Amino acid sequence: MRPPDEDAVVIDIDPAGSDTVTLFFQTGPTYEPTERARERAEDADIPVIDVRTREVDAVQTVRINGNLVEGGPLYETTIETDLGRQTGVLQREVTSETIRGLTVEESTVIVDVPTGATVHPASQQSHSFGRERYGVDGRPWLSGDGITYGVGPIDLALLCGLLVGSFFAPYLFFRRWGRSIAGCDESLAERVHAVRETRSIAAFYGPVVPLVAALWFGAFAPIEFLTASILSASPSGTWWTVTLWFVAFTPFACVAWLGSTLAITPIYRRLVDAPYDRRRVLVTWSKSTVITVVWYWLVVVVLYSFSSRIVEYPAVGALLVGLLLVVRAGVTPALVVLANGIDSVTDEVAADIRELCDDAGIDVRGVYRLETGDSPQMNGHLTGLPGLYWIFVTDDLLEQCDSSQIRAVVAHEIGHLRGYHIPKRILFSVGYWFVGFTAYSVVPSIWLLLTAVAFYRFYALGWVTTAQEYAADAYAASATSPETVVSMLERLAQINIMKRDRGRQKDLANGHPSIQKRITQLRDDAAISGDDPDGDPGDA
């Protein structure tokens with residue numbers, strides 16, 4: 001929105017950085033606009049950090065008998081300055097003396113502030129995600145009154161109400177949804193599977209509405225004003241900007257996650273006949289949330305820091321994605337230890353697992369028992385980077401499976417390493433995001449990026465990982481026997497109380513084919529005879 005004449009003054013407030021004052025001068029009768037702007041700043045007694053000038057056309061141009069009466073070409077002259085005087089933790093003022101120095105007698109003053117802040121005395125002219133525009137009512141500076149702006153009690157109360165609602169809305173919604181699933185007439189495996197799907201949906205989609213609402217109502221404004229009030233010299237740089245955004249908006253996402261977690265977990269625990277310990281759930285949720293938030297903060301900092309370079313050279317963005325995934329693979333063992341309790345395994349189990357690794361030519365740093373709590377979870381993980389591999393086997397795997405089934409799980413994980421599956425996933429991701437960033441450079445739309453993220457998460461990556469699961473099963477069958485791997489998969493479905501089969505789309509979203517499909521593939525490859533057992537998705 002551009003003001004239509006030379007008497008307009010636009011004040012753009014940035015609490016965490018420099019403010020700007022934009023003046024408009026007609027090109028004909030105006031001498032050097034930069035010098036004129038500096039004179040106005042001197043009259044207003046405000047510092048001048050920089051002055052920028054460009055020529056624009058007025059929104060409305062009026063001509064009478066061919067003569068220009070109003071509008072036409074204008075000099076848009078922007079003064080970068082530090083304008084407001086602090087009157088409270090979340091309040092500032094532009095004094096009447098300052099405004100009189102910037103304006104002429106008939107000037108219209110427009111104030112742009114972060115969304116969530118208000119201006120007095122003024123009327124709101126526009127509202128968007130990020131900025132609000134106010135037109136000052138009358139000319140209060142002529143009577144000695146200034147313009148105040150900031151985050152008021154009503155704004156804070158609205159955001160606090162939104163934060164509370166971000167917890168209770170997902171809590172009530174997903175509790176009702178979960179209870180309706182738990183009380184249906186389906187089999188136990190079907191109900192457990194449906195509750196798990198509900199939990200995944202809640203984790204991915206639950207924060208969306210609270211985040212959009214927080215952005216619309218201006219959750220960032222209080223953080224900007226508070227930071228500027230506390231810190232005399234705020235840190236600068238991309239990392240600081242991203243940090244402030246995360247401080248402003250992650251509470252809304254986190255309480256939504258918490259609400260859905262506290263709604264669904266008791267229902268899930270009752271279904272699998274496991275005790276519900278709220279304190280333990282909160283501890284687990286806290287660890288998982290901190291890890292998730294820190295990871296996404298790092299991703300956003302890295303990609304946002306190179307955003308202009310990525311638009312110009314999409315390959316830069318693709319390589320950065322690859323580098324981030326390598327870092328994630330390297331720190332995964334530490335994250336597993338941080339999020340779960342670990343213990344040593346028996347010497348016999350450790351020796352058996354190390355023998356499998358030695359036969360495959362893989363050097364592991366350690367073999368550990370993973371305490372997964374009361375909910376059923378038979379699984380194994382071989383994580384890390386070459387020379388820094390760690391093996392984790394869950395307590396349910398050790399306690400409820402025989403040695404051959406344990407060997408089959410570990411052999412499956414070794415199959416991922418021998419097949420270079422992690423490097424292949426990273427290379428695929430690099431190629432995918434090269435295409436994605438290239439498309440964004442042509443059509444720079446945030447919706448395009450969000451669509452690319454969703455497609456990557458729910459389809460593209462799953463297309464790679466499901467094929468890798470079949471390959472890892474084939475390796476495990478060659479390292480043990482096809483019958484042993486089938487036995488392991490059947491036991492996995494039984495212990496984890498998993499659904500017997502599912503559609504292709506759900507396989508892709510989960511990143512694993514169903515156990516039924518995996519068993520069928522093994523029997524097709526090895527021509528195993530016998531009954532065709534029911535299967536279910538597994539994470540081995």
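The coordinates are above.
Residues numbered from 1 in each chain as written. Predicted model: local features only at pLDDT ≥ 70, side-chain atom pairs only at ≥ 80, totals over all residues. Heavy atoms only, no water.

Draft legend 1. Up close: the layout of surface pockets. In this structure, the second largest pocket encloses a volume near 360 Å³. Taken together, 23 residues make up the lining of the second largest pocket; nearest its centre are Asp-14, Ala-16, Phe-220, Glu-224 and Thr-241. Counting residues per element, the lining of the second largest pocket draws most heavily on helix H7 (residues 238-271), which supplies 5 residues. Per-class residue counts for the lining of the second largest pocket are 11 nonpolar, 8 polar and 4 charged. (1 Å grid on protein atoms, 1.4 Å probe; cavity = no way out; pocket = protein on both sides within 12 Å on 5 of 7 lines; lining within 4 Å. Points joined across faces, edges and corners; volume = space filled by probe spheres on them. Helix = DSSP H or I, 4+ residues; strand = E, 2+ residues; numbered from the N terminus. Nonpolar A, V, L, I, M, F, W, Y, C, P; charged D, E, K, R; others polar.)

Draft legend 2. Representation of the sheet that holds strand S15 (residues 364-371) in the model. Strand order in the open sheet formed by 4 strands is S14-S15-S17-S16, with mixed pairing between adjacent strands. Looking at strand neighbours, the two that pair on one side only are strand S14 (341-344) and strand S16 (380-383), the edges of this open sheet. Averaged over all pairs of adjacent strands, the angle between strand axes in this sheet comes to 30 degrees, irrespective of strand direction. Pairing between S14 and S15: 4 bridges, direction antiparallel. Across the sheet, residue Gly-341 finds its bridge partner in S15, namely Glu-371. (Pairing = 2+ DSSP bridges. Axes fitted to C-alpha atoms, helices over the stretch in contact; angles between N-to-C directions.)

Draft legend 3. How the structure looks around the environment of Asp-145. Structurally, the position occupied by Asp-145 is in the loop between strand S12 (131-136) and strand S13 (147-150). The residues contacting Asp-145, other than those within four sequence positions of it, are Ser-96 and Pro-140. (Contact = heavy atoms within 4.5 Å.)

Draft legend 4. Highlighting the pairing of S12. Counting buried positions along S12 gives 5 out of 6 residues, so the element sits mostly inside the fold. Note: strand S9 (residues 108-114) against S12, 5 bridges, orientation antiparallel. Across the sheet, the residue bridging to Val-111 is Tyr-134, located in S12. In this sheet, S12 lies alongside strand S11 (residues 122-127) in antiparallel orientation, the contact comprising 5 bridges. (Buried < 20%, exposed > 50% of the residue type's maximum accessible area, 1.4 Å probe, protein only.)

Draft legend 5. Highlighting the pairing of strand S8 (residues 91-94). As paired strands, strand S7 (residues 85-88) and S8 are joined by 3 bridges and run antiparallel to one another. Paired with Arg-85 across the two strands is Glu-93, which belongs to S8. Counted between consecutive antiparallel strands, the loop separating S7 from S8 contains 2 residues. Of the strand pairs in this sheet, S8 and S13 are connected by 4 bridges, and their pairing is antiparallel.

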